[in-house]
Amino acid sequence: MHSYRHPQTGARIFVVSMETFPTAMVCEAFGCGSNNEHKGTRGLCHVVEHLAFKKTLHFNEGDVNKIARIYGAKMNAFTSNDTTAFYAECPNEDTERFIDVISEMVTNLEFDEQHLRSERHAVLEEYRSGQDSPDSVMFHKVQNELFGPYEGFHYPVIGGVADILACTPEILGKFFRENFTADRMAIIIAGNFPAKAPQILAKARQSFAPLSDIRPRASPPNPFSHVWKQMGKCVEHTVCKIPMDTAHPHLNLAWRTPGYDGDPSLVGQNIAHVLTGDDTSVLRHQLVDVLRLAVAVNVSAYQWNSAGCFIANIVPLEGKDEECIQTANQIIHDLGQPGNKDAVTKSLGTFHAQSLFSIADRFTSAKGFVVEVVQGMFCVQDIGDVLESTRKSLRVTHADIKAFLETNMGQPWMCTRVDVVPATPQEQAAIRQKKQIESKVIMGVASRTGPVVGSTSETLAKQWPSRSSQILNDILPFPRVSRKTLGNSATLQISHVQSDEKLCTMYISLKGTKGRTNTLGSKIATIVAAMFLEA
């Protein structure tokens, strides 16, 4: 591994080369997410993520995605409570090109009213769709109850409608300059380029220099965050009921747990597997198979840089709500008892064996490796420390689980209960009315913008000569027949064709073929040829 840390700003660059990586991954990540947002700026990290694909100093709308198509790459980004990241998955030989692309997207990002209005509309549509999901609503309510109002975890990543509607290019630009700063930045580049790794590191230092050298240091952390870290375990036990348009109630028990900075060994994930991870899991087996109190049980352990939460979700049989909750609570807290040591140890052995395969998978994919690193990157100073947390997870024992339960989940007041229940007819009418109002607000904001005509991607492609198999060409719809039924519910669709005198590339999607890919191979080839000749 090759690495660099800026002596003044603290910006970090890591270049990792492994022979097992078939493609490369270029990722620019910031230790900045919804935790860094305050009243008036809720949701702006997510808005920045969207706008990075729209307008920069040298790119117009549509250029980023078109460049990705030309070179056979995938571009994307994500925002979480404490991280915002932009990445490109590309051929190994094009790594340096996409260092330039990612650098341009963030270093030279520009905010204008036209594109802000467009992406404001897109973000609010995401918000509205989340309100229709019981799991999404439940999770946001759990965060709201477990974390205090001075903590970013108290609020959903997607933000608040009022703040997003009130956002202007000036507000967004100021927020971006204050929070997407060099000391919160990490560049992680992974691929198979052993001889070129030093050259790629030099290229990254050059491309990201405007950001790592000039941007001011981040503003100080929220002064109240340490207070709420202590008070978070002192809130009274609460029970919240959320009426929704759902056929079955969802019962949820939630606890606040440490983040990577407090517990890097991922004990919560081990407990989640013991409870509901496989056919031998304790909680699911008892509630569904033995006692027949529930139709579904799932346990999830979420872990961010500075905090985490542990949630047990239960779909009970009719009239079994309270019995489900009492039994689940008892089973969870009894895991640490000596009588359960053998069963827990056996389940941990299964989980650790599965985890070994999962770890191996991460080292066969640059994307898997980088995503793993980014999740805990901003608690530590080195990639090795992040990977060590995964190794510690394989050494979790029954004694570790007992200590975790006693410390984080051992008292009744530590638990918060959030139930999503079927709405009454009156409540359903109120929900529909609220959605109608939200729809009018969102539709009144703006419609989405389209790619700008006369974009710069063709000029950039000429500056970056492509290989013979990646010839610059507009992606044109397939002219005639584009869909065929293969039988047994399988459908073949050709969406685009890219061609010149020597090469024709088809973009093919195959649906409904699970478990039958090989048997359909010759049939697909025949139909593709027929469709091409027919067109």
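Look up a bit, the structure's there.
Thresholds applied
- Residues numbered from 1 in each chain as written.
- Predicted model: local features only at pLDDT ≥ 70, side-chain atom pairs only at ≥ 80, totals over all residues.
- Heavy atoms only, no water.
- Helix = DSSP H or I, 4+ residues; strand = E, 2+ residues; numbered from the N terminus.
- Buried < 20%, exposed > 50% of the residue type's maximum accessible area, 1.4 Å probe, protein only.
- Contact = heavy atoms within 4.5 Å.
- Areas by Shrake-Rupley, 256 points an atom, 1.4 Å probe, with all protein chains shown as cover.
- Arc of directions from axis to C-beta.
- 1 Å grid on protein atoms, 1.4 Å probe; cavity = no way out; pocket = protein on both sides within 12 Å on 5 of 7 lines; lining within 4 Å.
- Points joined across faces, edges and corners; volume = space filled by probe spheres on them.
- Nonpolar A, V, L, I, M, F, W, Y, C, P; charged D, E, K, R; others polar.
- Core = buried A, V, L, I, M, F, W, Y, C linked by side-chain atoms within 4.5 Å.
- Salt bridge = Lys/Arg side-chain N within 4 Å of Asp/Glu carboxyl O.

Glancing now at the overall build of the chain. Helices and strands together make up the secondary structure of the chain, namely 20 helices and 15 strands. Burial statistics for the chain: of 535 residues in total, 49% are counted as buried. Considering only contacts in the chain between residues 6 or more positions apart, those separated by 24 or more positions represent 78%. When the accessible area of the chain is evaluated, it comes to approximately 25,200 Å², of which 54% is carbon and sulfur surface.

So, about helix H7 (residues 169-179). Of all the residues in H7, the buried ones are Pro169, Leu172, Gly173, Phe175, Phe176 and Asn179. Along the axis of H7, the buried residues cluster in a sector spanning 165°; they form a single face. Elements that come into contact with the buried residues of H7 comprise helix H1 (44-51), helix H3 (95-107) and helix H4 (113-130).

Following the criterion strictly, the structure yields 3 cavities of 30 Å³ or more and no others. For the largest cavity, the calculated volume is near 80 Å³. Considering the residues around the largest cavity, the lining is formed by 13 residues, among which Thr257, Gly268, Ala301, Tyr302 and Gln303 are closest to the centre. Among the elements of the structure, helix H11 (267-276), strand S9 (294-303) and strand S10 (308-316) are those that each provide at least two residues to the lining of the largest cavity. Of the residues in the lining of the largest cavity, the class split is 8 nonpolar, 4 polar and 1 charged.

Moving on to the nonpolar core. In terms of nonpolar packing, the biggest core is built from 55 residues, with Met75, Phe98, Met105, Leu172, Phe180 and Ile189 touching the most fellow members. Of the residues forming this core, the biggest block, 6 residues, is contributed by H3. When neighbours within four sequence positions are excluded, Met105 is seen to be in contact with Ala52, Phe53, Thr56, Val64 and Met75. Val267, Ile271, Leu293 and Ile331 belong to the second largest nonpolar core, which has 32 residues in total.

Turning our attention to the side chain of Ser347. Along the chain, Ser347 turns up in helix H14 (residues 341-362). The class for Ser347 is buried, based on a relative accessible area of 3%. Ignoring sequence-local partners within four residues, the contact set of Ser347 consists of His273 and Val274.

Attention now goes to the pattern of salt bridges. Counted under the stated rule, the structure contains 12 salt bridges. With its nearest N and O atoms 3.2 Å apart, the salt bridge here joins Lys141 to Glu145. Pair noted here: Lys141 and Glu145 are both in helix H5 (residues 134-146), with a separation of 4 residues, about one helical turn. Since its relative accessible area comes to 25%, Lys141 is described here as partly exposed. The network of salt bridges with common partners includes Lys241, Glu322, Arg417 and Asp419.

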